[in-house]
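What the coordinates show
The lines below spell out each chain.
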Amino acid sequence: MKTITFSQATLEAMQEEMARDERVFVMGEDIARQGGIFGQFKGLPAQFGTGRVMDTPISETAIVGACIGAALAGMRPVADMHFADFAGVCFDEIYNQMAKIYYMFGGQKPVSMVLRAPDGLVNQAAAQHSQSLEAFFCHIPGLKVVIPSNPADAKGLLKAAIRDDNPVIYFEHKALFSMKGEVPEEEYVTPIGKAKVVREGKDVTLVSYSMTMNLAVKAADMLEKEGISVELIDLRTISPIDKETILNSVAKTSRLAIAHEAVKQGGVGAEISAIVAEEAIDCLDAPIVRVGAPFTPVPFARPLEQAYRITPDKIAAAVRGMM
Amino acid sequence: MCAMPVRKEATLPLARYDKETLKFFYETMVKIRNFELTVEKFFFDGEIPGFVHLYIGEEATATGVMANLRKTDYIQSTHRGHGHTIAKGADLKHMMAELFGKSTGSCKGKGGSMHIADFSVGMLGANGIVGGGFTMATGAALAQKMQKTDGVAVAFFGDGASNRGTFHEAANMAAAWKLPVIFLCENNQWASTTPYRTTTSVDDIADRAQGYGMPGVIVDGNDVFAVYEAAKELIERARRGEGPAILECKTYRIKGHFVGDPEMYRTKEEVQKVLEETDPIPRFEARVLKAKAMTKKELETIRTRVEKELAEALEFARTSPEPEVSALYEGLYV
Ligand SMILES: Cc1ncc(C[n+]2csc(CCOP(=O)(O)OP(=O)(O)O)c2C)c(N)n1
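Residues numbered from 1 in each chain as written. Chains lettered and ligands numbered in written order. Predicted model: local features only at pLDDT ≥ 70, side-chain atom pairs only at ≥ 80, totals over all residues. Heavy atoms only, no water.

Observations regarding the overall build of chain B
Helix and strand counts for chain B come out as 11 helices and seven strands. Computed over the C-alpha atoms, the radius of gyration of chain B is 19 Å, within 12% of the 20 Å expected from 2.2 N^0.38 for a compact globule of 334 residues. Each principal axis of the C-alpha atoms in chain B carries an extent, and together these give about 50 × 50 × 40 Å. Surface summary for chain B: the accessible area is close to 13,500 Å², and the carbon and sulfur share equals 55%. Once the 42 positive and 45 negative side-chain charges of chain B are each reduced to a mean point, those two points are 4 Å apart. (Helix = DSSP H or I, 4+ residues; strand = E, 2+ residues; numbered from the N terminus. Rg over C-alpha atoms; globule rule 2.2 N^0.38 Å. Areas by Shrake-Rupley, 256 points an atom, 1.4 Å probe, with all protein chains shown as cover. Lys, Arg positive; Asp, Glu negative; His and termini not counted. Charge placed at Lys NZ, Arg CZ, Asp CG, Glu CD.)

Regarding the interface of chain B and chain A
Between chain B and chain A, the contact holds 40 residues from the first and 43 residues from the second. For the pair chain B and chain A, the summed buried surface comes to about 3,200 Å²; carbon and sulfur atoms form 68% of the total. Considering only the side of chain B, the residues that lose the most area to chain A are Phe119, Tyr333 and Val334 of chain B, jointly responsible for 21% of the buried surface there. At the boundary of chain B and chain A, one finds zero salt bridges. Here chain B and chain A share 14 residue pairs in polar contact (both at pLDDT 80 or more) between them. Looking at the side of chain B that touches chain A, the elements that each hand over two or more residues are β1 (74-76), α5 (133-146) and α6 (165-176) of chain B. (Contact = heavy atoms within 4.5 Å. Buried area = accessible area lost by both parts, 1.4 Å probe. Salt bridge = Lys/Arg side-chain N within 4 Å of Asp/Glu carboxyl O. Polar contact = N/O pair within 3.5 Å; in protein donor to acceptor, adjacent residues only side chain to side chain.)

A look at the site of the ligand
Residue and element names in this part refer to chain B. Taken together, 15 residues lie around the ligand, and His79, Arg80, Gly128, Gly160 and Trp190 are the ones closest in. Aspartate 159 is positioned such that a nitrogen or oxygen atom in its backbone is 3.3 Å from an oxygen atom of the ligand. Here an oxygen atom of the ligand sits 2.8 Å away from a polar atom, N or O, in the main chain of glycine 160. Coverage of the ligand by the protein chains reaches 70% of its 580 Å² of free accessible surface. At a threshold of 2 Å from the grid points, most atoms of the ligand map onto the second largest pocket. Looking at side-chain class alone, the shell around the ligand contains five nonpolar, seven polar and three charged residues. (Near = heavy atom within 4 Å. 1 Å grid on protein atoms, 1.4 Å probe; cavity = no way out; pocket = protein on both sides within 12 Å on 5 of 7 lines; lining within 4 Å. Sits in = over half its atoms within 2 Å of the grid points. Nonpolar A, V, L, I, M, F, W, Y, C, P; charged D, E, K, R; others polar.)

Observations concerning the confidence of the model for chain B
Residue and element names in this part refer to chain B. Per-residue pLDDT for chain B has a mean of 95; in total, 97% of the residues score no lower than 70. Residue range residues 1-6 is modelled with pLDDT below 50. Its contacts to residues more than four positions away, or to other chains, number 20 contacts. At the level of chain-chain contacts, confidence expressed as ipTM amounts to 0.93, with global pTM at 0.95. (pLDDT = per-residue confidence, 0-100.)

Looking at the domain arrangement of chain A
Residue and element names in this part refer to chain A. As assigned here, chain A comprises domain 1 (2-183) and domain 2 (196-320). Measuring from the centre of the C-alpha atoms in domain 1 to the corresponding centre in domain 2 gives 26 Å. Taken together, the contact pairs 26 residues of domain 1 with 25 residues of domain 2. Across the interface of domain 1 and domain 2, roughly 2,100 Å² is buried in total on both sides, 57% from carbon and sulfur atoms. When the buried area of domain 1 at its contact with domain 2 is split by residue, Leu121, Gln124 and Ile147 rank highest and sum to 34% of it. Where domain 1 meets domain 2, there are one salt bridge. (Domains from an automatic or database assignment.)

A short note on the packing of α5 of chain B against α6 of chain B
The description of two packed helices rests on the angle between their axes and on the distance between the axes. Residue and element names in this part refer to chain B. Remark: α5 packs on α6, axes separated minimally by 8 Å, with the N-to-C direction vectors making an angle of 20°. Taken together, α5 and α6 sit at an angle that is classed as roughly parallel. The way α5 lies across α6 gives a crossing that is left-handed. Between α5 and α6, the contacting residues are Phe134, Thr135 and Thr138 on the first element and Thr166, Phe167, Ala170, Met173 and Ala174 on the second. Residue composition of the contact of α5 with α6, by class: five nonpolar, three polar and no charged. (Axes fitted to C-alpha atoms, helices over the stretch in contact; angles between N-to-C directions. Parallel < 35°, antiparallel > 145°, perpendicular 65-115°, else oblique. Left-handed = near helix turned anticlockwise from the far one by under 90°.)

A word on the layout of surface pockets
Roughly 800 Å³ of volume is contained in the largest pocket. Lining of the largest pocket is provided by 35 residues; of these, Ala135, Phe136, Cys138, Gly266 and Gly267 of chain A occupy positions nearest its centre. Put simply, the parts of the chain that give the lining of the largest pocket at least two residues each are α6 (134-138), β12 (237-239), β13 (256-263) and α10 (268-280) of chain A. Of the residues assigned to the lining of the largest pocket, the class counts are 20 nonpolar, 10 polar and five charged. Counting contributing residues per domain, the lining of the largest pocket is built from domain 1 (2-183) and domain 2 (196-320) of chain A, each supplying no fewer than three. Taken as a whole, the second largest pocket holds about 350 Å³ of empty space. Thr78, His79, Val130, Gly158 and Ala161 of chain B are the residues nearest the centre of the second largest pocket, which is lined by 29 residues in total. Of all the elements in the fold, those that place two or more residues in the lining of the second largest pocket are α5, β2 (153-158) and β4 (190-191) of chain B. (Points joined across faces, edges and corners; volume = space filled by probe spheres on them.)

Remarks on the sheet that holds strand β3 (residues 181-187) of chain B
All names here are of chain B. Here five strands make up an open sheet; going across it, the order is β1-β2-β3-β7-β6 and the pairing parallel. Both outer strands of the open sheet, β1 and β6 (216-220), are each paired with one neighbouring strand and no more. Sheet twist, expressed as the average angle between the axes of neighbouring strands with direction ignored, equals 20°. Looking at chain direction, β6 and strand β7 (residues 245-250) are connected through five bridges and run parallel. Paired with isoleucine 218 across the bridge in β7 is glutamate 248. In the packing of α5 onto the sheet, contacts are made with β1, β2 and β3, and the angle to β2 comes to roughly 170°. Each of β2, β3 and β7 touches α6; the most contacted strand, β3, lies at about 145° to it. (Pairing = 2+ DSSP bridges.)

Observations regarding helix α7 (residues 151-163) of chain A
All names here are of chain A. Relative to the 18 Å expected for 13 residues at 1.5 Å per residue, α7 spans 18 Å between its end C-alpha atoms, a close match to the ideal helical length. In terms of residue burial, α7 counts as a mostly covered element, since 12 of its 13 residues are buried. What α7 keeps buried is the set Pro151, Ala152, Asp153, Ala154, Lys155, Gly156, Leu157, Leu158, Lys159, Ala160, Ala161 and Ile162. N-capping of α7 is provided by asparagine 150, with a side-chain oxygen placed 3.1 Å from the backbone N of alanine 152. (Expected span 1.5 Å × (residues − 1). Buried < 20%, exposed > 50% of the residue type's maximum accessible area, 1.4 Å probe, protein only.)

Considering the packing of aromatic side chains
Inspection of every chain in the model, using the stated rule, returns 27 aromatic pairs over all chains. Pairing tryptophan 190 of chain B with tyrosine 265 of chain B gives two aromatic rings, centres 5.1 Å apart and planes at 50°, and the pair type is tilted. Of this pair, tryptophan 190 of chain B sits in strand β4 while tyrosine 265 of chain B sits in the loop between β7 and α9 (268-278), and the two are 75 residues apart along the sequence. A network of ring pairs unites the aromatic residues Tyr17, Phe25, Tyr26, Phe225, Tyr228 and Phe284 of chain B as a single cluster. Directly above the aromatic system of tyrosine 333 of chain B lies the positively charged group of lysine 144 of chain A, at a separation of 5.3 Å from the ring centroid. (Phe/Tyr/Trp six-rings, centres within 6.5 Å; stacked < 30°, edge-to-face > 60°. Lys NZ or Arg CZ within 6 Å of the ring centre and 35° of its normal.)

Let's talk about the sheet that holds strand β14 (residues 289-293) of chain A
All names here are of chain A. Judged by pairing direction, the sheet is mixed, and its five strands sit side by side in the order β9-β11-β10-β13-β14 without closing on themselves. Each of the sheet's edge strands pairs with one partner strand only, and the pair in question is β9 (196-199) and β14. Within this sheet the neighbouring strands show an average axis-to-axis angle of 25°, counted without direction. Relative to β14, β13 is paired through four bridges, and the arrangement is parallel. Looking across to β14, one finds that alanine 259 is bridged to valine 291. Lying over the sheet, helix α8 (residues 210-225) contacts β9, β10 (204-208), β11 (230-234) and β13, oriented at roughly 175° with respect to β11.

Next up, the structure:
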């Protein structure tokens, strides 16, 4: 094992995959000269040239559309969205083209590409640079959506996403880029579609992903001290969702809490709640609890952002309330 | 208000064209025309469901362009995509079956008319989203460049679609990176019920090429020879690595926007006049007969062959099975 940052981990994934497969290339705004705003592409052009690490015009629609076209013509592109918030600019390309081409054309060719989307709350960036938009993408059949919570998964999932023949949206939380963590020395990929039981417990199942997963771990530590044993699940992939792991855990603990940074309304937590309500309501000893952001845009001022933000305390309080 | 500007015929002597090319021109145009007439009939008979947009009157464009393309070149089509698909060399049987929603269709009955595609001949898809193809064609061209082939991609689009932002983003990117993509405008004068001049800021779409630093060329889109020559020049230029271009083909949409369109927005006389003066198929016939480049008999033979192929395609489509309901969940992921 070695200890590297999340951003370094995604860079290693790119380096290894670009070296392994010459069809892999990446394009986006300010990624070649600048190395990406989070340093996640630093050194990549020196290694592979600006023919494979391309600075694009500020044309999100053309970036995603061109990657789709290149994928159909035999390449394996990675498109960088700069900020996940900008994906709205090219949403048509994402949900009408990229997601549908394989199904709608009867399986003639999949769109083998990755869309990298840095998301989440960071540095009081406010309403248009801090969103967690993942639920939109989970509502679209044909896309796979992955969302790592630590450097090891960031690397493994990015490699898996690049190798996957299907279009994959890869969310990377901006506040995680500097996070350090242990990453295996040897080659590995993290399977898409499999959640991970991060910690076993017997009183309550706590499901989370991305940045919030790290807060859930802290919440679980607090609860543990109070004698509440928490089973922690890191979803890692949010579409398709790993129902089996969730249902198995709920069967064991009889309680379910879900925590994410995105607004609660219409969020991934709602989907998981519905799955468990539909398929395992008999197992439950308490109503399901969801922790998510209030239904407002992300505010700017510190106290407001603080109030908006999910914290370990908020998660722990929600879980306490269901015991 | 919206009559097609009459343009001079291509004046190059027909002796320049070998018999194969002339035959390709005629056979492709007749194939598209008859395919579309058949589709119209079976739509009205209730056997073809969904939205159907016909290409009648615009056959010379697809034909003239595609005569310059290889199977390995790519095209992105529009919602009016049957003609492009046929001209790129797709199998009529599977196309027709797709329109009927059959399991033997080129998209296994998952696409229908608006989403017809045949990747085996480089036809990367019709599109229900107007202007959806510009950026994807640009990407297909980028791939060709990265793979160091001398292949090209052609993005077909209508005058209406030229007002989408996708056009401008793709044109800039393609020009900035000198990608081998041709933006092929079929200006049929109409965007659904709206005459083109009322919504578009320039007289000619090709003028917009200037803003992106690429050539913009205008031709009579109902003259297959003119389209062929202009497309040839721009495509060869793109193959040499000299970058993208816009080719605007002035043509006219003879039928309604979609099959069943009551066409309240124009007069029958306007359409009749265009048909009489500029219909690309009689024009081609008159020209080759006059120049003695082809005989009546040769034209007749081609028409008979097309009729036979079409009858077979129809029979295949009508007798093919519908997809099993289990196919609903098939093909979401690889
Ligand atoms: C993005 C989008 N907007 C609107 C429509 C509805 N629509 C379908 S075809 C069409 C007109 C297109 O005109 P043009 O691009 O000139 O092509 P033509 O139909 O003349 O071949 C419209 C408005 C659509 N399908 N997609």
